[in-house]
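Structure assessment
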Amino acid sequence: AQSVTQPDIHITVSEGASLELRCNYSYGATPYLFWYVQSPGQGLQLLLKYFSGDTLVQGIKGFEAEFKRSQSSFNLRKPSVHWSDAAEYFCAVAADTGGFKTIFGAGTRLFVKA
Amino acid sequence: GAGVSQSPSNKVTEKGKDVELRCDPISGHTALYWYRQSLGQGLEFLIYFQGNSAPDKSGLPSDRFSAERTGGSVSTLTIQRTQQEDSAVYLCASRTGTATNEKLFFGSGTQLSVL
């Protein structure tokens, strides 16, 4: 069965600093990978996804993520964080086998300090 | 409607009562999920419906939880004999079809509080 691990429960970065949120997955075949963001008072929104091709994917709001098969990772990055990026970030994995369901990690809460 | 609609947005109930949570997915979406979001627990998968196939119930935490999807559209999540640990936000999401590389559209959730 697929699973997702987000090792960091929360992270604090200064505004303007770079950001990397970690995500590791467990699945035998090539999975589909996603990052979603949940801002305060708002619903979950897709940031980006990977399912094939270029392992570096670009998303909305200046985010990118890189799929590294050898490390079973799909880390989210942003070169310069804005205060409005403070939110909870969820990594998710889905597959065409094992039931087709989408499984989410526990989330990483990002705090941005001035 | 334009998005996934959930009702009620908030539900307060007493321990031992039954509750029903409703989800109206985006029209035409054949895939529907229920998740539970508790503090510090992330998004916990509960159940998945895809078209006319048997639902994947592997995430339901106990037999007090059940869900139906009528006519391939509206879904109801029922929790019987609620317990305080059932307090959480229950999120519904839908997707166009069987392509698991497509994104999920989420509703705003139902905040359930069991007193």
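Relevant structure appears above.
Let me sum up the structure you'll find in this document.

Attention shifts here to the environment of Tyr90 of chain B. Residue and element names in this part refer to chain B. Along the polypeptide, Tyr90 turns up in strand E8 (residues 88–95). Given a relative accessible area of 0%, Tyr90 falls into the buried group. Between the alpha carbons of Tyr90 and Pro8 there is a distance of 10 Å; along the sequence they are 82 residues apart. With residues near it in sequence (within four places) discarded, Tyr90 still touches Gln6, Leu21, Trp34, Tyr35, Arg36, Leu46, Phe65, Leu77, Ile79, Gly109, Thr110 and Leu112.

Our focus in this paragraph is the side chain of Thr82 of chain B. Residue and element names in this part refer to chain B. Within the secondary structure, Thr82 is located in the loop between strand E7 (75–79) and E8. At 3.2 Å, the side chain of Thr82 and the backbone oxygen of Glu14 are in polar contact. Thr82 has contacts with Thr13, Glu14, Lys15, Gly16, Lys17, Val19, Arg64 and Val114, leaving out every residue within four places of it along the chain.

On to the packing of aromatic side chains. On inspection of all chains with the given rule, the structure shows 15 aromatic pairs over all chains. Here Tyr50 of chain A and Phe74 of chain A contribute two aromatic rings whose centre-to-centre distance is 6.5 Å and whose plane-to-plane angle is 45°, an arrangement assigned as tilted. Of this pair, Tyr50 of chain A sits in strand E6 (residues 44–50) while Phe74 of chain A is found in strand E9 (residues 73–78), placing the two residues 24 residues apart along the sequence. Where Phe104 of chain A meets Phe106 of chain B, the ring centres are 5.8 Å apart and the plane angle is 75°; that geometry is what we call edge-to-face. Residue Phe104 of chain A is located in strand E11 (residues 103–104), and its partner Phe106 of chain B is located in strand E9 (residues 105–106); the two belong to separate chains. With respect to burial, Phe104 of chain A and Phe106 of chain B carry one shared label: buried. Following the ring pairs from residue to residue traces out a cluster consisting of Phe34, Tyr36 and Phe104 of chain A together with Tyr33, Tyr35, Phe45, Tyr48 and Phe106 of chain B.

The next thing to look at is the sheet that holds strand E6 (residues 65–69) of chain B. All names here are of chain B. Taken together, four strands build an open sheet; the order of strands is E1-E3-E7-E6 and the sheet is antiparallel. The outermost strands of the open sheet, each flanked by one partner alone, are strand E1 (5–7) and E6. Averaged over all pairs of adjacent strands, the angle between their axes in this sheet comes to 15°, without regard to strand direction.

Soluble globular proteins: nonpolar side chains tend toward being buried together. Residues Trp35 and Tyr89 of chain A are the most contacted members of the largest nonpolar core, which totals 46 residues. Those residues in contact with Tyr89 of chain A, other than ones at most four positions away along the chain, are Gln6, Leu21, Trp35, Tyr36, Val37, Leu47, Phe63, Leu76, Gly107, Thr108 and Leu110 of chain A.

For the coordinates displayed, the defined rule picks out eight salt bridges over all chains. Across the pair Arg77 of chain A and Glu64 of chain A runs a salt bridge, and its minimum N-O distance is 3.2 Å. Here Arg77 of chain A is found in strand E9, whereas its partner Glu64 of chain A is found in strand E8 (residues 64–68), with 13 residues between them in sequence. Under the relative-accessibility criterion, Arg77 of chain A is labelled partly exposed at 22%. Here Asp86 of chain B makes a salt bridge to Arg64 of chain B, at a shortest N to O gap of 2.8 Å. Of the two residues, Asp86 of chain B is situated in the loop between E7 and E8 and Arg64 of chain B in the loop between strand E5 (42–50) and E6; the sequence distance between them amounts to 22 residues. The exposure class assigned to Asp86 of chain B is buried, which follows from its relative accessible area of 1%. Overall, Arg64 of chain B belongs to the buried group, its relative accessible area being 12%.

Looking now at the side chain of Gln37 of chain B. If you trace the backbone, Gln37 of chain B turns up in strand E4 (residues 31–38). Its relative accessible area of 13% is what places Gln37 of chain B among the buried residues. Here Gln38 of chain A takes part through its side chain, which lies 2.8 Å from a polar atom of the side chain of Gln37 of chain B. With sequence-adjacent residues up to four places away left out, Gln37 of chain B is seen in contact with Gln38 and Phe90 of chain A together with Gly42, Leu43, Ala88, Val89 and Leu91 of chain B.

A word on unusual backbone geometry. Leaving glycine aside, a negative phi is the common case for residues, and trans is the common case for peptide bonds. The omega torsion of the bond from Ser7 of chain B to Pro8 of chain B falls at -10°, within 30 degrees of zero and hence cis. Within the secondary structure, Pro8 of chain B is located in the loop between E1 and strand E2 (10–13). If you check the backbone angles, Ser72 of chain A has positive phi at about 50° while not being a glycine. Here Ser72 of chain A is to be found in the loop between E8 and E9. The partly exposed category is assigned to Ser72 of chain A, whose relative accessible area is 26%.

Thresholds applied
Residues numbered from 1 in each chain as written. Chains lettered and ligands numbered in written order. Predicted model: local features only at pLDDT ≥ 70, side-chain atom pairs only at ≥ 80, totals over all residues. Heavy atoms only, no water. Helix = DSSP H or I, 4+ residues; strand = E, 2+ residues; numbered from the N terminus. Buried < 20%, exposed > 50% of the residue type's maximum accessible area, 1.4 Å probe, protein only. Contact = heavy atoms within 4.5 Å. Polar contact = N/O pair within 3.5 Å; in protein donor to acceptor, adjacent residues only side chain to side chain. Phe/Tyr/Trp six-rings, centres within 6.5 Å; stacked < 30°, edge-to-face > 60°. Pairing = 2+ DSSP bridges. Axes fitted to C-alpha atoms, helices over the stretch in contact; angles between N-to-C directions. Core = buried A, V, L, I, M, F, W, Y, C linked by side-chain atoms within 4.5 Å. Salt bridge = Lys/Arg side-chain N within 4 Å of Asp/Glu carboxyl O.

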